[in-house]
Amino acid sequence: MNPFLAQCRASFEAQATLEAGVAERGQRQAEWTRFEALGWPTTRLEDWKYTTLSGLEKLSLQNSVEPREEVKGVPPSLPLEGIPANRLVFVDGAFQPNQSMIDRLPEGVRLRFWSDLDAQERERFTHKMAPARALTAFGALNGALFTEGVWITVDAGCALEAPLHLVKVSRTGQRMSHGAVLLELGENSGLTLREHCVGNTDQPTHSNWVTAIELAPRARLTLVKVQQEGLLSYHTAALHALQRAGSHLQVFSFALSGALGRNDITLRLIEPHAECVLKGVYRVADRALQDFHTSIEHDSPHCTSDECFKGVLEGSGKAVFNGRVRVALDAQKTSSRQSNHNLLLSDKAEVNTKPQLEIFADDVKCSHGTTVGQLDEEQWFYLRARGIAADLARTLLIQAFTLEIAEAIPHVGVREEVRHLLSGTVEENDHV
Amino acid sequence: MLSIKNLQASVGDKPILKGINLDVKAGEVHALMGPNGSGKSTLSNVLAGRENATVTGGSVTYQGKDLLALAVEERAREGIFLAFQYPVEIPGVGNVYLLKAALNAQRKHRGLPELDAMDFLALVKDKMKLMEMNESMLYRAVNEGFSGGEKKRNEILQMVVLEPNLAILDETDSGLDIDALKVVSHGVNSLRSPDRAMILVTHYQRLLDYIKPDFVHVLSDGRIQRSGGPELALELEREGYAWVGDATNEGVVAP
Ligand SMILES: Nc1ncnc2c1ncn2[C@@H]1O[C@H](COP(=O)(O)OP(=O)(O)OP(=O)(O)O)[C@@H](O)[C@H]1O
Ligand SMILES: [Mg+2]
């Protein structure tokens, strides 16, 4: 057993003993058993072929077992100042009531926490989390080790203009954090959720969250996630969404830093006229790796999906994009677009991109495209020929490549904020 | 201002420029004509610093400096401006951003204070009026989705904002409608001054009706085969290039 697993086992045993209810103990046990049965993901598995966890294996990380373990004095470098009302803050997996601001949410938005739920509610929560936890072995690990969970429900007809911020801080080195988010939107409701995954340590950390989403008919959800953890952070995340008739889901996922990131995203369009947009950017530094495994499942006719991921890789950075699109036999009139574009800034960078189209219906419009290339020399020359310094011209072109994704974010405030993150060193006010 | 001596350049192993000699003095306008593929764009690009053609011999002196030793952006900041034959689309980079960054890079290079957003916008809007361009163009990405004519107009907008010492216009007239040609010519003429020089690459006399050149050169097979006054362009318009030294017999079609 590798050090990582040994520590996970120790944590699981400690947590199972702490768990008051028999049902909860049984549930953690079941997830642990499933995790063990699935086995540690190695590159021998098709789903992990290009993503080696050898770095993570060596780490011995502590888990937070106390769901409200209060962290005093969140370090100033955390972006909490900039995050206004409606924020939920988790530090190392534990919920922080004092750092959070949730008292100004409208009545139609309810937040409940796993640790406050009664046995019956816990069972429902667990049941609804199951598809997300089923996506990978890390999902099972989450079920066995999770510290706290939040259940967000938006009542029918309630549309929240201001975004709700979910802040997940990896604050302490040598720690892992496992949390769960359940998001249920009622009919005709609307929400923008901005997810901040930030780090505040140069030590290794592992963040392993799962998110389950259920959208009632005509509900509209925008989820904007940004990963900006430390250089030595490991990030695994699973997202599962169920979309009912006419619902509209937009997921934006920006993986901007970290040693290794693995996102498994499955969106299921289970009733007619549902629409999903799935867009993302991965910026991979030297020796880092980002992996997106996405699956869009058209189970019902007249649904639309629009997927685009863009990657920028430096040094010996690696990226994996696996984009599965499945169109069931009776999902006629499906319209589906997928693309993946990569910019390799070095000869040593490597990307493994694989569209995986499984189309069983015949009356469908499906397209996909993949590119892997270098910076466009002509564009670079053009900017320099106008007096722009070579480095700045390069930076501008890299940004331009990824900004396109941010431009598609519907909420203007969140869009500007993400644009700013992507622009990094180039001052935003230079945009006039 | 510019002195080109026996300039030779190749693309890959293929020699394209085979010994160009050209002197351009401040205040002069030179028209550079010649059949397709003769090397006009290659020469323009070499002057701007593009590296897809390799200089294999000769020298270029610009304002007393060895031009070929300067980086692309240094040449631009020293006042060389190339209006591209095929302006590049750059999605994600705003037109207004490029203009401001370009102008301020040049001002900084010359020891002038950078313009703030207000002053800059005032300047640019003024120049846009001159170019009869819609202000909304400012907020679009560089050349993205612009029509052929709009791209050319945008090149000249950049030129009148940057006020170069030496402007090289590579077929800026191609693809312009008659009114646009007048507007663009007006923009170019507004920059004519005793301390600026221009090289106009063109196939057509029409541009030269609006922007009167002092000299006309015919480039063919990588060499300047003939030089003369404005009358040479008229002669070419009548007779084509069939008479020019090399074997090429592609004629010039009137617009
Ligand atoms: N990358 C390249 N590879 C091979 N040949 C090239 C390349 N770039 C230019 N050439 C060749 O160099 C020659 C000169 O091209 P150039 O574009 O300078 O001609 P031009 O005089 O500007 O023509 P036009 O009037 O059509 O614009 C042509 O024969 C062209 O095919
Ligand atoms: Mg040309």
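Parameters at a glance
Within each chain, residue numbers correspond to sequence positions counted from 1 in written order. The lettering of chains begins at A and the numbering of ligands begins at 1, in the order of writing. A pLDDT threshold of at least 70 governs which residues receive local features in this predicted model, and a stricter bar of 80 or more applies before side-chain atom pairs are shown or counted, although totals over entire chains, interfaces and linings include all residues. Remark: hydrogens and water are excluded; side-chain values derive from all non-hydrogen atoms of the structure. Helical segments are the DSSP runs of H or I of at least four residues, strand segments are the runs of E of at least two, and each set is numbered from the N terminus. For the radius of gyration, the atom set is restricted to C-alpha positions; the globular benchmark scales as 2.2 Å times the number of residues to the power 0.38. Only protein chains enter the accessibility calculation, which uses a 1.4 Å probe; a residue whose area is less than 20% of its type maximum is buried, one above 50% is exposed, and one in between is partly exposed. Note on areas: Shrake-Rupley, 1.4 Å probe, and residue coverage restricted to the protein chains presented here. Any Lys or Arg side-chain nitrogen located within 4 Å of an Asp or Glu carboxyl oxygen qualifies as a salt bridge. With water excluded from the atoms, a metal site may look incomplete; its donors are any N, O or S atoms within 2.8 Å, or within 3.2 Å for Na, K and Ca. Here, expected helix span is obtained from the residue count minus one, scaled by 1.5 Å. Per the annotation, domain bounds derive from an automatic or database assignment of domains. Any pair of residues with heavy atoms lying within 4.5 Å of one another is described as a contacting pair. As a working definition, buried area equals the accessible area (1.4 Å probe) given up by two parts on being put together, with both sides summed. Per residue, pLDDT captures the predictor's confidence, and it can take any value from 0 to 100. What qualifies as a polar contact is a pair of N or O atoms within 3.5 Å, subject to a donor-acceptor requirement within protein and to the restriction that residues adjacent in sequence count only when both atoms come from side chains. The criterion for strand pairing is that DSSP finds at least two bridges linking the strands in question. Comment: axis = line fitted to C-alpha atoms, over the contacting stretch for helices; angle = value between 0 and 180 degrees taken between N-to-C directions.

### Quick look at the overall build of chain B
Then, number 1: Each helix and strand in chain B was counted, giving eight helices and twelve strands.
Then, number 2: Its C-alpha atoms give chain B a radius of gyration of 18 Å, near enough to 18 Å, the size a compact globule of 255 residues would have.
Then, number 3: Oriented by its inertia axes, the alpha-carbon framework of chain B measures out at about 55 × 40 × 35 Å.
Then, number 4: The proportion of buried residues among the 255 residues of chain B is 56%.
Then, number 5: With an accessible surface of roughly 10700 Å², chain B has 49% of that area assigned to carbon and sulfur atoms.

### A closer look at the pattern of salt bridges
Residues and elements named next belong to chain A.
Then, number 1: By the definition in use, this model includes 39 salt bridges over all chains.
Then, number 2: E358 is paired through a salt bridge with R324; the nearest N and O atoms lie 3.3 Å apart. Here E358, found in strand β19 (residues 350-359), pairs with R324, found in strand β17 (residues 318-327); they are 34 residues apart in sequence, far enough to count as distant.
Then, number 3: Among the residues examined, E358 registers a relative accessible area of 22% and is labelled partly exposed.

### A word on the coordination of the magnesium ion (ligand 2)
Residue and element names in this part refer to chain B.
Then, number 1: Those donors, S41 (OG) and Q85 (OE1), are the protein atoms that reach the magnesium ion (ligand 2), and they lie 1.9 to 2.1 Å from it. One end of the pair, S41, is in helix α1 (residues 40-48); the other, Q85, is in the loop between β6 (80-83) and β7 (90-94), and 44 residues separate them in sequence.
Then, number 2: Residue S41 is classed as partly exposed on the basis of its relative accessible area, which comes to 22%.

### Structural notes on helix α5 (residues 148-162) of chain B
Note that an α-helix has 3.6 residues per turn; residues three or four places apart therefore point the same way.
Then, number 1: The terminal C-alpha atoms of α5 of chain B lie 22 Å apart, and with 15 residues this matches the ideal 21 Å at 1.5 Å per residue to within 8%.
Then, number 2: A large share of α5 of chain B lies buried, amounting to 13 of its 15 residues.

### Focus on unusual backbone geometry
Then, number 1: Even without glycine at this site, D92 of chain A takes up a positive phi of about 50°.
Then, number 2: Tracing the sequence through the fold places D92 of chain A in the loop between β2 (87-91) and β3 (94-95).
Then, number 3: One non-glycine residue, E132 of chain B, lies in positive phi territory at about 50°.
Then, number 4: Positionally, E132 of chain B belongs in the loop between α4 (117-130) and β8 (141-142).
Then, number 5: Residue class for E132 of chain B comes out exposed when judged on its relative accessible area of 58%.

### Points about the domain arrangement of chain A
Residues and elements named next belong to chain A.
Then, number 1: Examined at the domain level, chain A breaks down into domain 1 (61-376) and domain 2 (377-432).
Then, number 2: With centres defined by C-alpha atoms, the gap from domain 1 to domain 2 works out at 25 Å.
Then, number 3: Taken together, the contact between domain 1 and domain 2 spans 28 residues of the former and 21 residues of the latter.
Then, number 4: Both faces combined, the contact of domain 1 with domain 2 buries some 2100 Å², and carbon together with sulfur accounts for 71% of it.
Then, number 5: Summed over the three residues of domain 1 that lose the most area to domain 2, namely K310, L375 and D376, the buried surface amounts to 30% of that side.
Then, number 6: When the shortest N-O distance is used, the salt bridge between E417 and R194 registers 2.7 Å.

### Digging into the interface of chain A and chain B
Then, number 1: On the side of chain B, 35 residues touch chain A, which itself brings 22 residues to the contact.
Then, number 2: Both faces considered, chain A and chain B share a buried interface measuring about 2300 Å² in area, 67% of it formed by carbon and sulfur atoms.
Then, number 3: Where chain A touches chain B, the interface holds two salt bridges.
Then, number 4: The partner of R384 of chain A in a salt bridge is E73 of chain B, and the shortest N-O contact between them spans 2.7 Å.

### Section: the confidence of the model for chain B
All names here are of chain B.
Then, number 1: Mean pLDDT over chain B stands at 91; residues scoring 70 or higher make up 95%.
Then, number 2: A low-confidence stretch, residues 246-255 (pLDDT under 50), is modelled with 17 contacts involving residues beyond four sequence positions or located in other chains.
Then, number 3: Interface scoring of the predicted complex returns ipTM 0.93; its pTM is 0.86.

### Examining the side chain of S38 of chain B
Then, number 1: On the secondary structure map, S38 of chain B appears in the loop between β3 (29-33) and α1.
Then, number 2: Among the polar contacts made by the side chain of S38 of chain B, one reaches the main-chain carbonyl oxygen of L219 of chain B at a distance of 3.3 Å.

### Let's talk about the sheet that holds strand β12 (residues 248-255) of chain A
All names here are of chain A.
Then, number 1: The mixed open sheet is built from ten strands, whose spatial order is β3-β2-β6-β8-β10-β12-β14-β16-β18-β20. Either end of the sheet is taken by a strand with one partner, and the two such strands are β3 and β20 (365-373).
Then, number 2: Two elements, β2 and strand β6 (residues 164-170), share five bridges in a ladder whose sense is parallel. Residue V91 lies in a different strand from β6, and its bridge partner there is V169.
Then, number 3: Sheet strands touched by helix α7 (residues 390-407): β12, β14 (275-284), β16 (304-313) and β18 (335-344). Its angle to β16, the strand with the most contacts, is close to 155°.
Then, number 4: Contacting β8 (190-199), β10 (220-228), β12 and β14, helix α8 (residues 412-423) crosses the sheet at an angle of about 25° to β8.

### Examining the sheet that holds strand β9 (residues 166-170) of chain B
Residues and elements named next belong to chain B.
Then, number 1: The sheet built from six strands is open, its strands ordered β6-β9-β10-β3-β11-β12 with mixed pairing. The strands lining the two open edges of the sheet, one partner per strand, are β6 and β12 (223-228). Across this sheet, the average inter-strand angle for adjacent strands is 20°, counted without regard to direction.
Then, number 2: For β3 and strand β11 (residues 215-220), the ladder comprises four bridges, and the chain directions are parallel. In the sheet register, A31 faces β11, and the bridge partner there is V216.

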